Amino acid sequence: MNNFNKLGVTSGNSWSREITHRAKEYSTEEKAEILYKAMYRNQPSFDDFRGRDGYSDKMLRADAGYVRKRKEEIAKKDQQTKTEYARNDRWSAQAEPILTYIMNTDQFLPTRESFAHLAHEYDDLSNGTDIVFCVSSKNGGNITCSVDVATDTDQRRIMGKFRESGRMHKTTPPWAANVRYCYHGDERWEELEAPHFILGLMPSRIDDATDAVNIKDGLISGRESDLKTDFKLASEMREQILMQLAFLRAEVGVDNKSRMAKLSDLLNAINTKLGRVCGVEGETKEEWANDFEKKYKKTKEQMREDLVYRHIIDEAKNRTNFVRGKRIRRIDNAA
């Protein structure tokens, strides 16, 4: 877990305790600003990789040039487009730090070591990675994931994100991202073909998640139990893992064993989290699995009031159903 400012974690295990002891000294806007500053202070920069193996000065200069060029292109967009971007970025600016923080706490995946950081500008602009999320693997090492944050309640925009993620990008296969600037402590690495997920909440639920964070003397001091937010993010990951596994199994002439092993390992951790949130019981694996299906399905229905959550899980499910039983080949515009 990244140490953003000597973070503490407040835990809780029941829906009834959810966000009942929030600190009232700070408004939602003030908390959002503190989170924003804390997360962006820990966003990796080119300087963090200078002199490290695999990161030559030539590559860093080229990537810095790419970032400058992309920023100039964005700045040249017409005023109407910029206004629309500003409207969406208002929520994105709040959502990316709060999701980064949530995924960095012990509460999110309590049975695995995990950490998260805001993606480097290069990875954000080149492959749509907003957050780098890493989970310890049962076989050692970490499973590094790419996260694209969604806050728009328009179903067409969510579909567009999935369509883009499902394409082949040069040498990067569908549903994956090459994340160049990953870091944790003294470690620096590039993750090729990192599983790519679209995660998000609707604007009002972003505020709820922000309110659950405790701030003391201007510093982040943990978060209250917020099982609804935890469930939605974990559920969105689960549905997309199932979708990605379905696509990988259906691909013809491609060795996907390594990617599938990572996703299956991650799925086990996600299922354990969801089972705890839903209060799943069972003395045997079969009893647990049956209770999981029943309670998970019921909780998913309860969470559908969040339009972003609804659109994400529906799109993932639709694509899973589409590919099952098919044999597919990679094409540049595969979706």
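Here the structure is a predicted model, which means the values were calculated and not measured.

Trainee: Explain the overall build of the protein residue by residue, including any values.
Mentor: From N to C terminus, the protein includes 10 helices and seven strands. Split into buried and exposed, the 335 residues of the protein put 51% on the buried side. For the protein, the share of sequence-separated contacts (at least 6 apart) that also reach a separation of at least 24 residues comes to 71%. A total accessible area of about 16,500 Å² is found for the protein, and carbon and sulfur atoms account for 46% of it.

Trainee: Account for the pairing of strand β7 (residues 219-223), naming residues and giving values.
Mentor: In terms of strand pairing, strand β6 (residues 213-216) meets β7 through three bridges, oriented antiparallel. Bridge pairing links Lys-216 to Leu-219 in β7. What sits between β6 and β7 in their antiparallel hairpin is a turn of two residues, with Asp-217 showing a positive phi close to 55 degrees.

Trainee: Give a detailed account of the layout of surface pockets, specifying residues and quantitative values.
Mentor: Considering only enclosed or pocket space, the largest pocket measures out at about 1,900 Å³ in volume. Lining the largest pocket are 46 residues, with Asp-124, Leu-125, Gly-128, Asp-130 and Asp-148 positioned closest to its centre. Counting only elements with at least two residues in the lining of the largest pocket, the list comes to α1 (28-41), α2 (57-75), α3 (79-104), α4 (121-127), β3 (142-150), α5 (155-165), β4 (176-184) and β5 (187-200). Of the residues that constitute the lining of the largest pocket, the class distribution is 14 nonpolar, 14 polar and 18 charged.

Trainee: Please set out the environment of Leu-242 residue by residue, giving values where relevant.
Mentor: Here Leu-242 is to be found in helix α7 (residues 227-250). Relative accessible area serves as the criterion here: at 24%, Leu-242 is assigned to the partly exposed category. Separated by 22 residues in the primary sequence, Leu-242 and Ser-264 place their C-alpha atoms 8.9 Å from one another. What Leu-242 contacts, discounting residues up to four positions off in sequence, is Leu-267 and Thr-320.

Trainee: Which residues make up the pattern of salt bridges, and what are the values?
Mentor: Side chains carrying opposite charge are able to pair once their charged atoms draw close together. According to the stated counting rule, one finds 26 salt bridges in the structure shown. The residue Arg-52 makes a salt bridge to Asp-186 at a minimum N-O spacing of 2.9 Å. You can see Arg-52 sitting in the loop between α1 and α2 and its partner Asp-186 sitting in the loop between β4 and β5, a full 134 residues away along the chain. Looking at Asp-186, the relative accessible area reads 60%, which means it is exposed. In this structure, Glu-239 engages Arg-238 in a salt bridge whose closest nitrogen and oxygen atoms are separated by 3.6 Å. Both residues of the pair, Glu-239 and Arg-238, count as buried.

Trainee: Go over the side chain of Lys-273 with me, naming the residues and quoting the values.
Mentor: Topologically, Lys-273 is positioned in helix α8 (residues 257-278). A relative accessible area of 7% places Lys-273 in the buried class. Once you skip the residues sitting within four places of it in the chain, Lys-273 turns out to touch Gln-107, Phe-108, Leu-109, Pro-110, Asp-230 and Ala-234.

Trainee: Please provide a residue-by-residue account of the packing of aromatic side chains, values included.
Mentor: For any pair of aromatic rings, the description consists of the separation of the ring centres together with the inter-plane angle of the planes. According to the stated counting rule, one finds 14 aromatic pairs in the structure shown. Taken together, Phe-46, Phe-49, Tyr-55, Tyr-66, Tyr-122, Tyr-181 and Tyr-183 form an aromatic cluster joined through their ring pairs. Note that Arg-188 overlies the ring of Phe-49, its terminal NZ or CZ placed 5.6 Å from the centroid.

Trainee: Please set out the sheet that holds β4 residue by residue, giving values where relevant.
Mentor: Spatially, five strands are ordered β1-β2-β3-β5-β4 in an open sheet, and the strand pairing comes out mixed. One side of each edge strand has no neighbouring strand; the edge strands of this open sheet are β1 (114-118) and β4. For this sheet the average axis-to-axis angle between neighbouring strands, irrespective of direction, equals 35 degrees. Pairing geometry for β1 and strand β2 (residues 131-136), over five bridges, is antiparallel. In the sheet register, Ser-114 faces β2, and the bridge partner there is Val-135. The sheet contacts of α7 involve β2 and β5, and relative to β5 the element is tilted by about 100 degrees.

Trainee: Got a sec to walk through helix α9 (residues 285-303)? Specific residues and values, please.
Mentor: The end-to-end C-alpha distance of α9, which contains 19 residues, comes to 26 Å, matching closely the 27 Å that a straight helix rising 1.5 Å per residue would cover. Within the span of α9, buried status applies to Asp-291, Phe-292, Tyr-296, Thr-299, Lys-300 and Met-303. Mapping the buried residues of α9 onto a view down its axis gives an arc of 160 degrees, with all of them on the same face. Facing away from the buried side of α9, by more than 90 degrees, are the exposed residues Glu-286, Asn-290, Lys-294, Lys-297, Lys-298 and Glu-301.

Trainee: Which residues make up the nonpolar core, and what values go with them?
Mentor: Membership of the largest hydrophobic core comes to 50 residues, with the highest contact counts inside it found for Phe-133, Ile-220 and Leu-266. Considering every element that reaches this core, the biggest residue donor is α7, with eight residues. Look past the residues within four positions of Phe-133 in its chain and what remains in contact with it is Met-103, Phe-108, Leu-109, Ser-114, Phe-115, Ala-116, Ile-143, Thr-144, Cys-145, Val-147 and Met-237. Formed by 15 residues, the second largest nonpolar core is a distinct cluster that contains Ala-150, Ala-246, Ala-316 and Ile-328.

Thresholds applied
Residues numbered from 1 in each chain as written. Predicted model: local features only at pLDDT ≥ 70, side-chain atom pairs only at ≥ 80, totals over all residues. Heavy atoms only, no water. Helix = DSSP H or I, 4+ residues; strand = E, 2+ residues; numbered from the N terminus. Buried < 20%, exposed > 50% of the residue type's maximum accessible area, 1.4 Å probe, protein only. Contact = heavy atoms within 4.5 Å. Areas by Shrake-Rupley, 256 points an atom, 1.4 Å probe, with all protein chains shown as cover. Pairing = 2+ DSSP bridges. 1 Å grid on protein atoms, 1.4 Å probe; cavity = no way out; pocket = protein on both sides within 12 Å on 5 of 7 lines; lining within 4 Å. Points joined across faces, edges and corners; volume = space filled by probe spheres on them. Nonpolar A, V, L, I, M, F, W, Y, C, P; charged D, E, K, R; others polar. Salt bridge = Lys/Arg side-chain N within 4 Å of Asp/Glu carboxyl O. Phe/Tyr/Trp six-rings, centres within 6.5 Å; stacked < 30°, edge-to-face > 60°. Lys NZ or Arg CZ within 6 Å of the ring centre and 35° of its normal. Axes fitted to C-alpha atoms, helices over the stretch in contact; angles between N-to-C directions. Expected span 1.5 Å × (residues − 1). Arc of directions from axis to C-beta. Core = buried A, V, L, I, M, F, W, Y, C linked by side-chain atoms within 4.5 Å.

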